[in-house]
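Structure assessment
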Amino acid sequence: MTETKTYRKIHFAVMAIESSAKKAKISGKAMHDRLKAQGLIHKRLLGHYDILHTQSLDWVADDTLETLNNWEKEEKKEQ
């Protein structure tokens, strides 16, 4: 099977979501739902794949959690 860039991006996003969930001590589904609600899967993980996939998975998980928490705080301020 030939890996396409789309496949690699999706695989990367799944790994990032699972790694972030583990760090946050929540389920992968809960992390997916939170990231999706903020638009971070497409805007961040897939949208910045070319840069993010060059970093360690641990760094990506930390960055994803920090970004998610910041975006959720900002959303609460706007309500």
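Placed above this text is the structure.
I will try to describe carefully the structure that is included in this document.

Calculation rules
Residues numbered from 1 in each chain as written. Predicted model: local features only at pLDDT ≥ 70, side-chain atom pairs only at ≥ 80, totals over all residues. Heavy atoms only, no water. Salt bridge = Lys/Arg side-chain N within 4 Å of Asp/Glu carboxyl O. Helix = DSSP H or I, 4+ residues; strand = E, 2+ residues; numbered from the N terminus. Buried < 20%, exposed > 50% of the residue type's maximum accessible area, 1.4 Å probe, protein only. Core = buried A, V, L, I, M, F, W, Y, C linked by side-chain atoms within 4.5 Å. Contact = heavy atoms within 4.5 Å.

The next subject is the pattern of salt bridges. This model, assessed by the stated rule, comprises six salt bridges. The salt bridge involving Asp 33 is made with Lys 29; its shortest N-O contact spans 2.9 Å. Residue Asp 33 and its partner Lys 29 are both found in helix α2 (residues 28-38); the two are separated by four residues, about one turn of the helix. The exposure class assigned to Asp 33 is partly exposed, which follows from its relative accessible area of 34%. When salt bridges that share partners are traced, they join Lys 23, Asp 58 and Asp 62 into one network.

We now examine the nonpolar core. Core analysis: the largest hydrophobic core is formed by 16 residues, its most contacted members being Phe 12, Ile 17, Met 31, Leu 35 and Leu 45. Here this core takes five residues from helix α1 (residues 5-24), the largest share from any one element. Setting aside chain neighbours within four positions, we find Leu 45 in contact with Phe 12, Ala 13, Ala 16, Ile 17, Leu 35, Leu 40, Leu 52, Val 60 and Thr 64.

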